[in-house]
Amino acid sequence: MYAFDYVKPASVADAVKALSAEDAQPISGGQTLIPTLKQRLGQPSALVDLTKIADLVGIEAGSDSVLVKGATTHAAVAAHEGVMQAIPGLAKLAAHIGDPQVRNRGTIGGSVANNDPAACYPAAVLGLGATVLTDRREIAADDYFQGMFTTALEEGEIVTGVRFPIPEKSAYAKFVQPASRFALTGVYAAKLKGGVRVAVTGASESGVFRWAEAEAALASNWSPEAVETLAAPAADGMIGDIHGAPDYRAHLVKVMTKRAVAAA
Amino acid sequence: MNKQMTGIGASSKRREDVRFLTGKGQYTDDINRHGQLYAHFVRSEVAHGKITKLDASAAAAAPGVAHVFTSKDFEGVGGVPCGWLITDKNGEPMKEPKHPILAEGKVRHVGDPIAVVVAETLAQARDAAELIDLEIEELPAVIDMREALKGGVAVHDEAPDNLCYDWEFVAENKAAVDEAIARAAHVTTLELVNNRLVANPMEPRCAIGEYDRAGDQHTLYTTSQNPHVIRLLMGAFVLGIPEHKLRVVAPDVGGGFGTKIYHYAEEAFVTFAAKKLNKPVKWTASRSEAFMSDAQGRDHVTKVELALDADNNFTALRCLTHANMGAYLSTFAPCIPTWLHGTLLAGNYRTPLIFTNVKAVFTNTVPVDAYRGAGRPEATYQLERVIDKAARELGVSPIALRKQNFIKPDQFPYQTPVAVVYDTGDYDATMDKVVEMADLAGFDARKAEAKSRGKLRGLGFAHYIEACGIAPSSLVGALGARAGLYEAATVRVNPTGSVSVFTGSHSHGQGHETTFAQVVSDMLGIPEDQIDIVHGDTNRVPFGMGTYGSRSLAVGGSAIVKSVEKIVSKARKIAAHLLEASEADITFEDGQFKVAGTDRAKAFGEIALAAYVPHQYPIEEIEPGLEETSFYDPKNFTYPSGGYACEVEVDPETGVVKVCAFHAADDFGNLVNPMIVEGQIHGGVAQGIGQAMLEHCTFDADGQPQAGSYMDYAMPRAADMPMVNIDSSCVTPCTHNPLGVKGCGEAGAIGSPPAFVNAVIDALAERGVTHIDMPLTPQAVWKAIHGASAVAAE
Amino acid sequence: MASVSMTVNGKAVSGEVEGRTLLVEFLREGLELTGTHVGCDTSQCGACVVHVNGESVKACSVLAVAVDGADIRTIEGMAAPDGTLSVLQQAFQDHHGLQCGFCTPGMVMSAADLLQKNADPSEQEVREWLEGNICRCTGYHNIVKAILAAAATLRGEKIAAE
């Protein structure tokens, strides 16, 4: 790692201020960021630690939505009674991110801000049509994700939480990349009051995306069989690497969608 | 005392565990020397290129930097030597280009070291490395072996067509094999790849050089399986340091699997730099660095043909292999695809005619050398795959076909057509045992049940043989080895009767501290805790060849046995004197020397004391003291063998393979510590399943590694493995070493890949799949199913 | 440089670190607790697992300054002060759950976290929990056996104490 200053603000306002310094960067668990910095792939002047801000930690399960604050760990989400009851698919997703040690440090805010194309959380945020809360505004999931490692966040903007609507049913099906344990392809399928949403991570070169054909088919018939009759999405634009060529990933999108619906 | 509680045959708990379980192990990176500097290697980011500019002046002036080393610092210093010479089919020596410590004008693989920054802290060294002004003119890279042989781009000028050697074995059989195949009733042909692997011991390599100017004394602490070999190679061939001025210490070593056998440039570097800078110099590999600097394993591309007569007897085997050497010859690389591979092509079978041609090829990739099994897994894999395929083509049971062609128990010693003589074995016994363990009779029901869940279930078998206990020195010398392969041991009885054993073998997970103590305890009749095993330091142990090739008990253990026998012989003379009896009347049992037929006795400890306090002692006839050294040179290889079975379930929708059960029935000869033996099988099987299902070190067309860290190189994890069902009750003791042992370190990694692949092919046979190259990743399996059904639909 | 203070294996310690100093570096170099190992640089292998405030984490992916004030436990703090192995450590020896020993500290620390969360894990739960710990020697067979055996022993102790 290159040298950097470490800043530990006690409030969101202080964090925003600290992040206004040139090349300052937030750290919210650091389970992706620290390995990246170890490879010297970034050179922040300062790391602003969001995990010590009391206001950013915690879960509030309401009657029609669940709020997960930005610096809440995956392990906390996975073990939260309220989340398990309201959105079991979300709790299960959190319970299978990375490994137990990653889940003890990694946070939802860090994951959503980074928007790794193979991360699990973006699938849930988009699949449930959640709202990303920041220090300055609320952003609908459909507007938030803008491609691999790209989001609607402005320079220095902090994810303070994610508000998930409680669906009728939902589940996440993950096909794990055997080395990194990220998603080779992961699908979050949700049946909500407003309709069906199907979000796919790990597969596309454009990052997390909604599979419109599956949503349409499932809206009229929420069943794995409805997915079975669909063609897999086009391989064009899917990620290709040693673990999965574009056609294999496209195929997995369909299989994982079926399995998510079956599990929901 | 109960045989099962202590000594040979007991599952004694490992004494080394306590330090490892409490954080008190001392691995090389745990060692810090006063005032030490840190080395950071600047490595090539391209696979092939000319260094057109290398200006380190700014880096040298950076904070904390002691010196920036380049090849200029190593003028007159030798390259990293190769320890095995192969003579090609025309009687010419292999091509052996220089492997410099630091690149001399040209880089030949991603990771090839170019410069080293040595600084007071590692961060300073890394910071300064970025100030090096380095320009490389990239050259086209050769990655694919068959493409490489066409020439045009040469990794080394000395080998314009990138051919290291073209080797034939048994050359005299070539015409007969061709003819047998031409007139066979049936020929089964299989083209296959033995995938390149990265050994990945969990401890990355590390080296610390230290120099004492007052005594002109060099010390190297290093992660090695064989410190004396490093001292010999580095002292004599690279740096020109005489042995008495060079100490090599390999302390606790966190796994080896072959990749810590070799002498590496980093070891020579820290030794050299410590003298130049007059300070200790430390280097520790990051895992990513290990992926481009540790010698890798396997990487053979093979066409194998098996000829059978009308009665399904094997009549001939022909195997044409391309073996990847990588960019430079690692220490034992040339011998792996030749003498450790060609000589095992008979397997467990009576195939009368065998011929193999091996072309060893230079490419712009990381060097390849021995990895757990080394040559023997490649031989076993092709045999056991081609036999399975033949059985399927002929519509016969793959088990029956194997058994029909097995060498039978009454045929030993058995001279194979590929030079080696097997001493003992009972292959029918291990095959029958594993068939029973695998519950073949119940398989159809399990398959049907799986089918009801939409899964395809398969059961695969394999039988292996390996040559271990490496090796008779005169034989390997004739085959090109540039060293002897004996082992040494000193047994020192201390005055009060405790024993210190100094062994040339090296333990890096195998549990020698426990196993060797069991052997000595059994022989001397003293408790195991009275015996200490010392290894890993050239200043303490006699000149030994180290640990690899499942040799430590068979060869190193035999050296200990010989020394203990000498101890007992001398002690018997002392006892005769003390007991005033004739030596011929002295018996030794359970630690007591007795005069036969009387109750007069002396305990072993009393004899030891007499030897060191020789007041009443036959000083005219026997020297005082009780310490003996032996060098044991084996008469033959040992030949462990076994039958393996693997049961899998394939999810046809995703291609995911689940290993449902794994069974191993091995014949390792006699066992000293069954618990440790089982542990070796567990680990070997996991590595074999890793190779067959997960692991693959690939490079793109430009020579960039595609699996250069644990983000892409899939290591087997706990959830990938089943419990492994083991039986070691089939025992045919080795006939030519005193313990009757054969070695167990590599078997699991040799027998499991074909068992696994045969199981998957068994599961997919109904979908028309006949072969998939390793690793059988979900994508590979899915594509095979998809491709086969697409073909079937046409 | 920043000052950090923490409790490590029950002992108050402090030291000067850079912002970029990793917890594992502080433990190994600053406190000479070399039982915590570094086996990779991408956070997969788990040789560096320690407990921070009772939760297992990878010390290679945590900044030392970020755990200022925390309660840290490493492999050196698992045995009793007189050296008696903990039930879990003893189970690893009894069941031959280690060979080269390099991954062992991380395995033990990870397994200890599992057993405090789940007193009666199934074999499958143990295997899944170990997703972040790589062993190259044992094939996991005896590690899994050791953890299951330790869990059974600990349950027995708990029942006996009640």
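Residues numbered from 1 in each chain as written. Chains lettered and ligands numbered in written order. Predicted model: local features only at pLDDT ≥ 70, side-chain atom pairs only at ≥ 80, totals over all residues. Heavy atoms only, no water.

Per an unreviewed UniProt entry, the recorded name for chain B is Xanthine dehydrogenase, molybdenum binding subunit apoprotein, and the organism is Rubrimonas cliftonensis.

In the nomenclature of an unreviewed UniProt entry, chain A is known as Carbon-monoxide dehydrogenase medium subunit of Rubrimonas cliftonensis.

> Explain the overall build of chain B to me, using residue names and the numbers behind them.
The helix and strand tally for chain B stands at 19 helices and 28 strands. The C-alpha radius of gyration of chain B comes to 28 Å, within 12% of the 28 Å expected for a compact globule of 794 residues. In terms of its C-alpha atoms, chain B occupies a principal-axis envelope of roughly 95 × 75 × 50 Å. The proportion of buried residues among the 794 residues of chain B is 65%. Put simply, 79% of the contacts in chain B that link residues at least 6 apart link residues at least 24 apart. With an accessible surface of roughly 26000 Å², chain B has 51% of that area assigned to carbon and sulfur atoms. For chain B, the separation between the mean place of its 71 positive charges and that of its 99 negative charges on side chains is 1 Å. (Helix = DSSP H or I, 4+ residues; strand = E, 2+ residues; numbered from the N terminus. Rg over C-alpha atoms; globule rule 2.2 N^0.38 Å. Buried < 20%, exposed > 50% of the residue type's maximum accessible area, 1.4 Å probe, protein only. Contact = heavy atoms within 4.5 Å. Areas by Shrake-Rupley, 256 points an atom, 1.4 Å probe, with all protein chains shown as cover. Lys, Arg positive; Asp, Glu negative; His and termini not counted. Charge placed at Lys NZ, Arg CZ, Asp CG, Glu CD.)

> How would you summarise the UniProt feature "domain: Aldehyde oxidase/xanthine dehydrogenase a/b hammerhead" (unreviewed entry) in chain B if you had to cite specific residues and measurements?
Residues given the UniProt feature "domain: Aldehyde oxidase/xanthine dehydrogenase a/b hammerhead" (unreviewed entry) here are residues 22-140 of chain B. In this annotation, residues 22-140 of chain B is assigned 10% helix and 29% strand; the end-to-end C-alpha distance for the span is 51 Å. (UniProt positions renumbered as here; feature names shortened; annotations may be inferred.)

> Outline the UniProt feature "domain: FAD-binding PCMH-type" (unreviewed entry) in chain A, listing residues and values.
When the UniProt feature table is mapped onto this chain, "domain: FAD-binding PCMH-type" (unreviewed entry) is found at residues 1-169 of chain A. The span residues 1-169 of chain A is 34% helix and 20% strand, and its two end C-alpha atoms sit 44 Å from each other.

> Please give an account of the packing of aromatic side chains that cites residues and values.
Under the defined criterion, the tally for this structure stands at 30 aromatic pairs over all chains. Ring centres of Tyr 349 of chain B and Phe 406 of chain B lie 5.5 Å apart, and the angle between their planes is 25°; on these two criteria the pair is classed as stacked. Placement of the pair is Tyr 349 of chain B in the loop between β14 (314-326) and β15 (354-362) and Phe 406 of chain B in the loop between α10 (398-405) and β16 (414-415), with a sequence separation of 57 residues. Each of the two residues, Tyr 349 of chain B as well as Phe 406 of chain B, counts as buried. One aromatic cluster is present, formed by Phe 41, Phe 69, Phe 74, Phe 269, Phe 272 and Trp 283 of chain B through successive ring pairs. The ring of Tyr 2 of chain A is capped by Arg 40 of chain A, whose NZ or CZ atom sits 4.4 Å from the centre of that ring. Above the face of the Phe 20 of chain B ring, Arg 19 of chain B is positioned so that its terminal group lies 4.8 Å from the ring centre. (Phe/Tyr/Trp six-rings, centres within 6.5 Å; stacked < 30°, edge-to-face > 60°. Lys NZ or Arg CZ within 6 Å of the ring centre and 35° of its normal.)

> An account of the packing of helix α6 (residues 227-239) of chain B against helix α7 (residues 265-277) of chain B is needed here, citing residue identities and associated values.
Residues and elements named next belong to chain B. At a minimum axis separation of 11 Å, α6 and α7 run at an interaxial angle of 65°. Taken together, the axis directions place α6 and α7 in an arrangement best described as roughly perpendicular. Of the two elements, α6 crosses α7, and the hand of that crossing is right-handed. Residues Ile 230, Met 234, Val 238 and Leu 239 of α6 touch α7, and the partners they reach there are Glu 267, Ala 268, Thr 271 and Phe 272. A breakdown of the residues in the contact of α6 with α7 according to their chemical character gives six nonpolar, one polar and one charged. (Axes fitted to C-alpha atoms, helices over the stretch in contact; angles between N-to-C directions. Parallel < 35°, antiparallel > 145°, perpendicular 65-115°, else oblique. Left-handed = near helix turned anticlockwise from the far one by under 90°. Nonpolar A, V, L, I, M, F, W, Y, C, P; charged D, E, K, R; others polar.)

> Lay out the sheet that holds strand β18 (residues 456-465) of chain B with the relevant residues and their values.
All names here are of chain B. Reading across the sheet, the four strands line up as β18-β26-β27-β28 and stay open at both edges, with mixed pairing between neighbours. Among the strands making up the open sheet, the edge pair consists of β18 and β28 (724-727). Looking at each pair of strands side by side, their axes are set apart by 15° on average, direction ignored. Of the pairings in the sheet, the one linking β18 to strand β26 (residues 641-650) comprises 10 bridges and is antiparallel in character. Bridge assignment links Gly 458 to a residue of β26, and that residue is Val 648. Each of β26, β27 (657-667) and β28 touches helix α17 (residues 674-694); the most contacted strand, β27, lies at about 135° to it. (Pairing = 2+ DSSP bridges.)

> Mind laying out the sheet that holds strand β12 (residues 209-210) of chain A, listing which residues take part and the relevant values?
Residues and elements named next belong to chain A. Reading across the sheet, the four strands line up as β9-β10-β11-β12 and stay open at both edges, with antiparallel pairing between neighbours. A strand with exactly one partner marks an edge of an open sheet, and here the two such strands are β9 (169-176) and β12. Pairing analysis gives seven bridges linking strand β10 (residues 183-192) to strand β11 (residues 195-201), with the strands arranged antiparallel. Looking across to β11, one finds that Lys 191 is bridged to Val 196. Against the sheet, helix α5 (residues 88-95) makes contact with β9 and β10, and its axis sits at roughly 20° relative to β9, the strand it touches most.

> An account of the interface of chain C and chain A is needed here, citing residue identities and associated values.
Between chain C and chain A, the residue contacts involve 28 residues of the former and 28 residues of the latter. Among the residues of chain C in contact with chain A, Arg 20, Leu 63 and Glu 131 of chain C are the three that bury the most area, contributing 28% of the side total. For the pair chain C and chain A, the interface holds 11 residue pairs in polar contact (both at pLDDT 80 or more). Elements with a contribution of two residues or more to the side of chain C that touches chain A: β4 (55-58) and α3 (104-117) of chain C. The element contributing the most residues to the side of chain C that touches chain A is β4 of chain C, with four residues. Partitioning the side of chain C that touches chain A into residue classes produces 10 nonpolar, nine polar and nine charged. (Buried area = accessible area lost by both parts, 1.4 Å probe. Polar contact = N/O pair within 3.5 Å; in protein donor to acceptor, adjacent residues only side chain to side chain.)

> Please give an account of the domain arrangement of chain A that cites residues and values.
The extent of an interface is frequently quoted as the accessible surface area lost upon association of the parts. Residues and elements named next belong to chain A. As assigned here, chain A comprises domain 1 (5-165) and domain 2 (169-263). Centre-to-centre separation of domain 1 and domain 2, based on C-alpha positions: 23 Å. Listed by partner, the interface residues are 26 residues for domain 1 and 22 residues for domain 2. Together domain 1 and domain 2 conceal approximately 1800 Å² of surface at their shared face, both sides included; 64% is due to carbon and sulfur atoms. At the junction of domain 1 with domain 2, the criterion picks out two salt bridges. (Domains from an automatic or database assignment. Salt bridge = Lys/Arg side-chain N within 4 Å of Asp/Glu carboxyl O.)

> How would you explain the interface of chain B and chain C if you had to name every residue and give the values?
Each side of the interface is counted separately: chain B has 52 residues, and chain C has 46 residues. Note on chain B versus chain C: buried area summed over both sides is about 4100 Å², and carbon and sulfur give 58% of it. When the buried surface of chain B facing chain C is broken down by residue, Leu 21, Met 202 and Met 723 of chain B rank first, second and third, together holding 19% of it. The tally of links between chain B and chain C comes to four salt bridges.

> Help me get a handle on helix α11 (residues 427-437) of chain B, residues and values and all.
Residues and elements named next belong to chain B. Here α11 lies mainly inside the structure; eight of its 11 residues are buried. The set of residues buried in α11 consists of Tyr 427, Asp 428, Thr 430, Met 431, Lys 433, Val 434, Val 435 and Met 437. Of the surrounding secondary structure, the elements contacted by the buried residues of α11 are α10, β17 (421-422), β18, β26, β27 and β28. Of the residues one or two after α11, Asp 439 is the one with positive phi, at around 50°.

> Tell me about the pairing of β9 of chain A, and name the residues and values.
Both faces of the sheet carry side chains from a regular strand, because those side chains alternate between them. Residues and elements named next belong to chain A. Of the strand pairs in this sheet, β9 and β10 are connected by eight bridges, and their pairing is antiparallel. Directly across from Lys 174, in β10, lies its bridge partner Gly 186. Turn length for the β9-β10 hairpin, with the two strands adjacent in sequence and antiparallel, is six residues, and the turn residue Arg 181 shows positive phi of about 70°.

> How would you explain the domain arrangement of chain B if you had to name every residue and give the values?
Residue and element names in this part refer to chain B. For chain B, the assigned domains are domain 1 (17-24 + 486-632), domain 2 (31-140 + 202-255 + 260-293) and domain 3 (300-470 + 636-793). Here domain 1 and domain 2 have C-alpha centroids that lie 39 Å from each other. Tallying the contact residues gives 16 residues for domain 1 and 18 residues for domain 2. Between domain 1 and domain 2 the total buried area reaches about 1500 Å² when both faces are included, carbon and sulfur atoms providing 54% of it. Looking at the side of domain 1 facing domain 2, the largest losses of area belong to His 508, Thr 538 and Phe 543, adding up to 39% of the total buried there. Summed over the shared surface of domain 1 and domain 2, the result is two salt bridges. The interface formed by domain 1 and domain 2 includes 10 residue pairs in polar contact (both at pLDDT 80 or more). Here the residues of the side of domain 1 that touches domain 2 are counted per class, giving six nonpolar, eight polar and two charged.

> Describe unusual backbone geometry, naming the residues involved and giving the relevant values.
At the junction of Phe 169 of chain B and Val 170 of chain B, the peptide bond is cis and its omega measures out at -5° in the coordinates. Here Val 170 of chain B shows up in the loop between β7 (163-169) and α5 (174-182). For Phe 149 of chain A, which is not glycine, the phi dihedral falls at a positive 55°. With a phi close to 70°, Ser 43 of chain C is a non-glycine residue in the positive phi region.

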